[in-house]
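The primary structure of each chain is shown beneath.
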Amino acid sequence: MKGKMRYISLRALSPLICCLFAVSGYGQMLGTPFVDSYSKTVYGYGTQNWDIDQAANGTLYFANNDGLLEFDGAQWTLFPLPNRTVLRSISVQDRVIFAGGQNEFGRYELHPELKWAYRSLVDLIPQAHRDFEDVWDMQTLEGTIYFRASEKIFIVRDNQCKVIADIPIHFMGKAGNRIFVQHRDGPLFYLEDEKLVALPDDERLNGTEVRSVIDSPQGLLIATRKRGIFLLRENQMVLWENEGAFRYPDQFINTLGQLPNHDIVLGTGFRGVIVVDSNGQFKYQVDAEDGLTNNRIICTFVDQQHNLWLGLDNGISMVRTNSPFSRIYPDGDLEGAGYDVAVKDDKIYFGTSSGLFYTDWPQTSIANQFRLVENSSGQVWGLDIIDDQLLLSHNDGAFRVNNGRAEPFYRETGAWLFKADEQDSELVFSGNYRGITLFDRNSWQLQERISGLEESSRFIVQDDLGNCWMSHPYRGIYRVSSPRDPSRRKVELMGPEHGLPSNLHNHVFRINGEILICAEKGVYTFNENQQRFEHYEPIEQYLGADTKIRRLFESRNGDVWFITEKEIGLLEIEDTGLERQISKRVFPELKRLMNGGWEMICPHEDDQVFISTINGFLHYNGKQPEDSLPRFRVLINRVRINEDSTLFAGMLPEGMQLHYRQNSLLFNLAATEFVNNAAVRFQYFLEGFDEGWSHPTALRSKEYTKLSPGTYTLHVKGINQSGEESDPASFTFEINKPWYATYPAIFFYLLLTGAIAYLLFLRSRKRFQALEQKVDSTVKRSKEEIQRLETEKIQAELEHKKRELVSATLHLVKKNETISEIADQISVIKKNSGDPKVSRQLQKLIHSLRQEEVIDEGWEQVMYHFNELNEGYFDRLKKDYPSLTPKDLKLCAYLKMNLTTKEMASLMNVSLRGIEASRYRLRKKLDLETEDNLTAFLMSF
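Attention here is on the structure that accompanies the text.

Rules behind the numbers
- Residues numbered from 1 in each chain as written.
- Predicted model: local features only at pLDDT ≥ 70, side-chain atom pairs only at ≥ 80, totals over all residues.
- Heavy atoms only, no water.
- Helix = DSSP H or I, 4+ residues; strand = E, 2+ residues; numbered from the N terminus.
- Rg over C-alpha atoms; globule rule 2.2 N^0.38 Å.
- Buried < 20%, exposed > 50% of the residue type's maximum accessible area, 1.4 Å probe, protein only.
- Areas by Shrake-Rupley, 256 points an atom, 1.4 Å probe, with all protein chains shown as cover.
- Axes fitted to C-alpha atoms, helices over the stretch in contact; angles between N-to-C directions.
- Parallel < 35°, antiparallel > 145°, perpendicular 65-115°, else oblique.
- Contact = heavy atoms within 4.5 Å.
- Nonpolar A, V, L, I, M, F, W, Y, C, P; charged D, E, K, R; others polar.
- Phe/Tyr/Trp six-rings, centres within 6.5 Å; stacked < 30°, edge-to-face > 60°.
- Arc of directions from axis to C-beta.
- Pairing = 2+ DSSP bridges.
- Disulfide = S-S within 2.5 Å.

The next thing to look at is the overall build of the protein. Secondary structure summary: the protein contains 12 helices and 64 strands in total. By the compact-globule yardstick of 30 Å for 941 residues, the protein is too spread out, its C-alpha radius of gyration being 63 Å. With the principal axes as the frame, the protein shows a C-alpha extent of 205 × 105 × 45 Å. For the protein, the proportion of its 941 residues judged to be buried stands at 51%. Counting every atom, the protein has about 44,700 Å² of accessible surface; 48% of that belongs to carbon and sulfur.

A pair of packed helices is characterised by two quantities: the angle between their axes and the separation of those axes. The contact between helix 10 (residues 901-908) and helix 11 (residues 912-925) brings their axes to 9 Å, and the two run at 95°. Comparing the axis directions of helix 10 and helix 11 gives the class roughly perpendicular. Contacts between helix 10 and helix 11 involve Thr901, Lys902, Met904, Ala905 and Met908 on the former and, on the latter, Leu912, Ile915, Glu916 and Arg919. The class makeup of the residues in the contact of helix 10 with helix 11 is 5 nonpolar, 1 polar and 3 charged.

For the coordinates displayed, the defined rule picks out 58 aromatic pairs. Plain terms: the ring middles of Phe62 and Trp309 are 6.0 Å apart, the flat faces sit at 65° to each other, and that makes the pair edge-to-face. One end of the pair, Phe62, is in strand 3 (residues 60-64); the other, Trp309, is in strand 27 (residues 308-312), with 247 residues separating them in the sequence. We note that Phe62, like Trp309, is buried. Taken together, the aromatic side chains of Tyr38, Tyr43, Phe62, Phe71, Trp76, Trp309 and Phe674 make up a single cluster linked through ring pairs.

Within the span of helix 8 (residues 873-880), buried status applies to Tyr873, Phe874 and Leu877. Each buried residue of helix 8 lies within a common arc of 95° when the element is viewed along its axis, so the set occupies one face. Turned more than 90 degrees from where helix 8 packs its buried face, Asp875 and Lys879 sit exposed.

A word on the pairing of strand 1 (residues 35-38). By the alternation rule, side chains of strand 1 split into Val35 and Ser37 and Asp36 and Tyr38, which are all buried. With 4 bridges joining them, strand 1 and strand 28 (residues 315-319) adopt antiparallel strand pairing. Bridge pairing in strand 28 links Val35 to Val319.

Those residues of helix 10 lying buried are Met904, Ala905, Ser906, Leu907 and Met908. Once helix 10 ends, the next one or two residues include Asn909, with phi positive near 60°.

With that settled, the discussion passes to the state of the cysteines. On inspection of all chains with the given rule, the structure shows 0 disulfides. With no disulfide of its own, Cys518 has Cys602 as its nearest cysteine by sulfur position, at a separation of 17 Å. The exposure class of Cys518 is buried, given its relative accessible area of 0%.

Here is the structure:
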């Protein structure tokens, strides 16, 4: 039950500790490191794990009973051998994993979809040697792979296999640049030019079983199963005396390992792991009670982060040998809560709920070496050293500790702490369950109890004026003025009326010589001049003015450890002379380990800090390593296309060309942060698509859909819980353009476009020409039509004018005829009239009518119409024939109008013969011949 209880406790703490602490490296590990374990139920495959190796990208591989087991920090994946047999040995080489199993060895090669595909190398073995059993060991050296079966060693180089040592072989291992081989229960050899060369002075190994060899600062270490470990140095082989062998003489060694700080790891058969330094001094042991799933160690491996991995007979465990934190259980299996630590002379003391325990100091390890101080059993509250005297504050009172024994000097009530009076070298203040008491500093006799203060006094500090300040979390802050002089002594409760938020949850500390009050909200200091509390900005600016701060602890170099409601961390203060630079470091999950209300951080030295927890103590080594460890890595371990098919799995290819339809990608991610992997957050940046890094997210996949053709680079980085960032992982891929968008297609399109444009141009030009011709024809027809219409209009007007001319002429003719008839009739009447007077009147009337005949009133109208029809006709006649008279011109007009002789005679008031005579005269003037037609001539003139 003991081991189970410790294991459960460790598993509860396990994900919390390692992820908190950003410091990685090797300092002095005083306690036992933390362990993460993975049982078969966790990883889901075979029980036993025979070999461990790691790829360059940080992925771990295990030779498991069921095959090759891969672990990327979050997911376990199995790649079995084709014959489904046990995998005994592996070796990761670049992008290939060599593997040895039962009657089989070969190599796992990267496969785009399967991730790892196995290819057997048995066909390379000469036919006579293909009958062999398990390949137990595998080593690589200068590009050559060595496989060991029970009776053979196979050497594979340049795709060829050679067999040597066809004899019973028990062991093969590598140390430095040499391969070592042992005959069954016989001497140890090393390979040189593929020949076995015996080690000098190796008779001591006869009859024993070699299990492991490593190079150490002392020389070659050779571990045997039952005879211990031998050291070969300067051709002399001696038994290597180490404290691990002295402590556990019944243990036997299964394997050796070596940490980067040269500590030697002893993997035992039933006692877990024992770690000793390079000189053989014991440091610590880790077994099932510390969290291993099994105490039988089959193999060991140190990863890139300097964690120690163990292949076990039942499961896998990781020992956090790189962590700055280690566990200390002073009371052993009791695992009581821790309360205080003190170092005096050559001893270190740990106060627990079980009593006061101590061990030697200093030393490289204090794990499991404690003794109980006699008479100290029970609840320890505090440890103080005053005038070289160690004082124990206990539930049973106050004790002085000397020579491993606690001597009581005050038992009236339980004691919390002791403080030396800085104003009086003869007095000591003690806080106890009932208030504050004064003790004589020499005799340790009670002097008096401060009256007026009856509250339990766990927290007491003294200011530069000699006043005592005491805080009670539920009563408030008390100030005791002149505590040594009862006549002047004054006890005051300092609360909200003095500037504090309330009387609840106040704690008093002295930091950098100043009295500080950690209140419900913020940190306060007391202003003596104003007699009021004021905010203390030097700390509030880092922890917050509204933060509830529970504890402050000052280290020797001035750094300040703090505990708030939500955080535990350290304010590192660097005084450069001109200014103080403060940096804040936070350990987010450490608070869950603390003993709530009883937290204690004890800075012993700048890089040696002890922290009380609900189960024992933590030792924090703040010493930074000289060489920083590689950061954890982020892996893009699988890419899917359109969510339904795997593009590739495993190690990233150098580059990838994708079809234009493969433009929706899902990326699966992992992080080789093997401590609290679930706390890792990821950020993404797809160069060529995103504008910048995404916000951190816990999602381990990222999808991009409907990407346009082009070149992209996906950058991914991880952030662990301590804020440490990994180096970005990158994957470049190109989504090709569709064939119709490629340069040849575009060139073809340009040619085709040019040809089409040219054809369209020709067609357009032809159509334009046809249209132009059509337009010309239309215009011509339009012009002709217009001209026809205009001609018809003119002709119509001419006809109209002709009709008007004819009408006017006829009217004139008719008029003259009428007048003539009237005149003739009047003449008849005159002749028949017998009245002279009437005859005279009728004669006058006849004369007037004849005058009217002569007056050519209608002629002007006829000429007007004639001139409109025959513009310039008379001018031309006058020009060509100047001898023409007006009467001639009138006759010409009548002839052109094609009037009859009678009509002309009427118009001209002459006889028909007169008209003929006038025509004759006109022909003469016009120089016409006899055959010439006068009318035709005048009409065409």
